[in-house]
Amino acid sequence: MTHFGFFLLQGAKALALSLMVDTSILMLDLSDNWLQGEGAAAIAEMLKENCYISAVDLSDNKLGIEGAKAFSAMLLENTTIVSLQLSGNEFDDHAAKYLADALTANSKVEILDLSYNMFGDKAGEIFGTAIAENIGLKELKISWNHFHSQGAAALAKGLGANIYLKVLDVSYNGFGNSGATALGEALKANNVLEELNVSNNRISVEGALHFSGGLKGNKSLKRLNMTRNPMQSEGCCGVLKALQANSGTCIEILDLPLNGTSVAQELPLEHLPCL
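- Per an unreviewed UniProt entry, the protein carries the name Leucine rich repeat containing 74B and comes from Aquila chrysaetos chrysaetos.

Set out below in C-alpha cells:
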C-alpha cells in the first residue's frame, strides 16, 4: 500500500470511529476519495452501528469487490439508509452477487445508483432476480454499464415482476432490439413504473416497434426517454402510434430522436409528427 493509500485508509477509519455514535449527521458524502475496499469496510462497519445517517454517497472510490462485500453485509443489518450512491466503483459481475443479495434482503433503501460500473450480462441476470424480489427500491440508476441482449432481457424480466420501482435509468448500455423487446413485455405487466430512460441503447426500428407494444396498455409511465437510438422515423412513429392507441396513457414527457432533436410530449398526441 502506498503512503497516500495508507493515509486515506487511516483517515477513513478515524472518520468511521467518530461517526459510530454520532447523532447529528444525517447525510454522508465521501465521493471521489479513493477509499478502496479497506476504506469502504471501515465505513460499512460504522453504518452497521449508526442509526441516524440516511443518505450515503461513496461514488468514485474504487471500492471493487471488497467494497461490494462490505456494503452488502452492512445492508443486511442497516435499516436507516434510504439513499445510496455507489456509481463509478469498478464493480463487475463478481461484485453483483453481493450487491444483489443485499437488494433482495434490504427493504429500506429507496434510491440506489450503480451507474458507471463494469456490470455485464451475468450481472444483469443476477440483478434481474433481485429486482423481482425487492420490495423497497423506488429509484434505480444502472446506466453506463455493459448490459447487452441476455443481461438486458433478465433485467427487464425483473422489472416486469416488480411492483415498487418508480424510476429506472438503464441508459448508455447495449440493450439492442432484444433488450427493447423484453422491456416492452415488462411494461405490459408493470403498472407502477413512472420514469424510464433507455437512451443510447442501440435500439433500431425493429426494437422500437416491439417496445411500443408495451406502451399500448401501460397506464403508469409518465416520462420516457429514448433519445440517441437509431430508431429512425419509422420506430419513432411506432412509439407515437402506440401511445395514441392507449386511451389511459399517463405520458407527460416523451423524448424521441426525431431529426436529431427530442420531442417533449405536452400536446395532444394527434398533433405530433406521423399522426
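Anyway, onward from the coordinates.
### Describing the nonpolar core
Stage number 1. Formed by 75 residues in total, the largest nonpolar core has its most connected members in Ile43 and Phe127.
Stage number 2. Every residue in contact with isoleucine 43, bar those within four places of it in the chain, is listed here: Ala12, Ala16, Leu28, Leu30, Leu35, Leu58 and Phe71.

### Considerations on the sheet that holds strand 9 (residues 253-255)
Stage number 1. If you walk across this open sheet you meet the nine strands as 1-2-3-4-5-6-7-8-9, and the pairing is parallel. Strands with a single pairing partner mark the edges of an open sheet, and in this sheet they are strand 1 (27-29) and strand 9. Between one strand and the next, the sheet's axes are offset by a mean angle of 5°, whatever the strand orientation.
Stage number 2. Both strand 7 (residues 195-197) and strand 8 (residues 223-225) contribute to a ladder of three bridges, which runs parallel. Bridged to asparagine 197 within strand 8 is asparagine 225.

### Here's the deal with the pattern of salt bridges
Stage number 1. Taken as a whole, this structure holds nine salt bridges when the rule is applied.
Stage number 2. A salt bridge links lysine 69 to glutamate 66, with the shortest nitrogen-to-oxygen separation between them at 3.7 Å. Here lysine 69 and its partner glutamate 66 are both found in helix 3 (residues 64-75), three residues apart, which amounts to about one turn of the helix.
Stage number 3. Looking at glutamate 66, the relative accessible area reads 44%, which means it is partly exposed.
Stage number 4. Ionic pairing is found between glutamate 185 and lysine 188, a salt bridge with its closest N-O pair at 3.0 Å. With glutamate 185 and lysine 188 both in helix 7 (residues 176-189), this residue pair falls three residues apart, about one helical turn.
Stage number 5. For glutamate 185, a relative accessible area of 45% puts it in the partly exposed group.
Stage number 6. Counted as one network, the salt bridges with shared partners bring together Glu45, Lys48 and Glu77.

### Thoughts on empty space enclosed by the protein
Stage number 1. Within the structure shown, the criterion is met by three cavities of 30 Å³ or more.
Stage number 2. Here the largest cavity is characterised by a volume of approximately 100 Å³.
Stage number 3. Lining the largest cavity we find Leu75, Leu86, Leu99, Ala102, Leu103, Asn106, Val109, Leu112, Leu114, Asn134 and Leu137.
Stage number 4. Top contributing element to the lining of the largest cavity by residue count: helix 4 (residues 93-105), with three residues.
Stage number 5. Residue classes in the lining of the largest cavity are distributed as nine nonpolar, two polar and no charged.

### Description of the packing of helix 8 (residues 205-212) against helix 9 (residues 232-245)
Stage number 1. Two elements in contact, helix 8 and helix 9, have axes whose closest approach is 8 Å; the angle formed by their N-to-C orientations is 5°. By the angle class used here, helix 8 and helix 9 are roughly parallel. Contacts from Val205, Ala208, Leu209 and Ser212 of helix 8 reach helix 9 at Gln232, Glu234, Gly235, Gly238, Val239 and Ala242.
Stage number 2. Split into classes, the residues belonging to the contact of helix 8 with helix 9 amount to five nonpolar, four polar and one charged.

### Details of unusual backbone geometry
Stage number 1. Notably, glutamate 90 is not glycine yet its phi reads approximately 60°, a positive angle.
Stage number 2. You can see glutamate 90 is positioned in the loop between strand 3 (83-85) and helix 4.
Stage number 3. Residue class for glutamate 90 comes out partly exposed when judged on its relative accessible area of 39%.
Stage number 4. Phi at arginine 202 is positive, roughly 60°, even though this residue is not glycine.
Stage number 5. Along the chain, the position of arginine 202 falls in the loop between strand 7 and helix 8.
Stage number 6. Residue classification places arginine 202 among the exposed positions, given a relative accessible area of 58%.

### What to know about helix 5 (residues 121-133)
Stage number 1. When the terminal C-alpha atoms of helix 5 are compared, their 19 Å separation across 13 residues agrees well with the 18 Å that a helix rising 1.5 Å per residue should span.
Stage number 2. By the burial criterion, the buried members of helix 5 are Ala123, Gly124, Phe127, Gly128, Ala130 and Ile131.
Stage number 3. Elements that come into contact with the buried residues of helix 5 comprise helix 4, strand 5 (139-141) and helix 6 (149-161).

Parameters and conventions
Residues numbered from 1 in each chain as written. Predicted model: local features only at pLDDT ≥ 70, side-chain atom pairs only at ≥ 80, totals over all residues. Heavy atoms only, no water. Core = buried A, V, L, I, M, F, W, Y, C linked by side-chain atoms within 4.5 Å. Buried < 20%, exposed > 50% of the residue type's maximum accessible area, 1.4 Å probe, protein only. Contact = heavy atoms within 4.5 Å. Pairing = 2+ DSSP bridges. Helix = DSSP H or I, 4+ residues; strand = E, 2+ residues; numbered from the N terminus. Axes fitted to C-alpha atoms, helices over the stretch in contact; angles between N-to-C directions. Salt bridge = Lys/Arg side-chain N within 4 Å of Asp/Glu carboxyl O. 1 Å grid on protein atoms, 1.4 Å probe; cavity = no way out; pocket = protein on both sides within 12 Å on 5 of 7 lines; lining within 4 Å. Points joined across faces, edges and corners; volume = space filled by probe spheres on them. Nonpolar A, V, L, I, M, F, W, Y, C, P; charged D, E, K, R; others polar. Parallel < 35°, antiparallel > 145°, perpendicular 65-115°, else oblique. Expected span 1.5 Å × (residues − 1).

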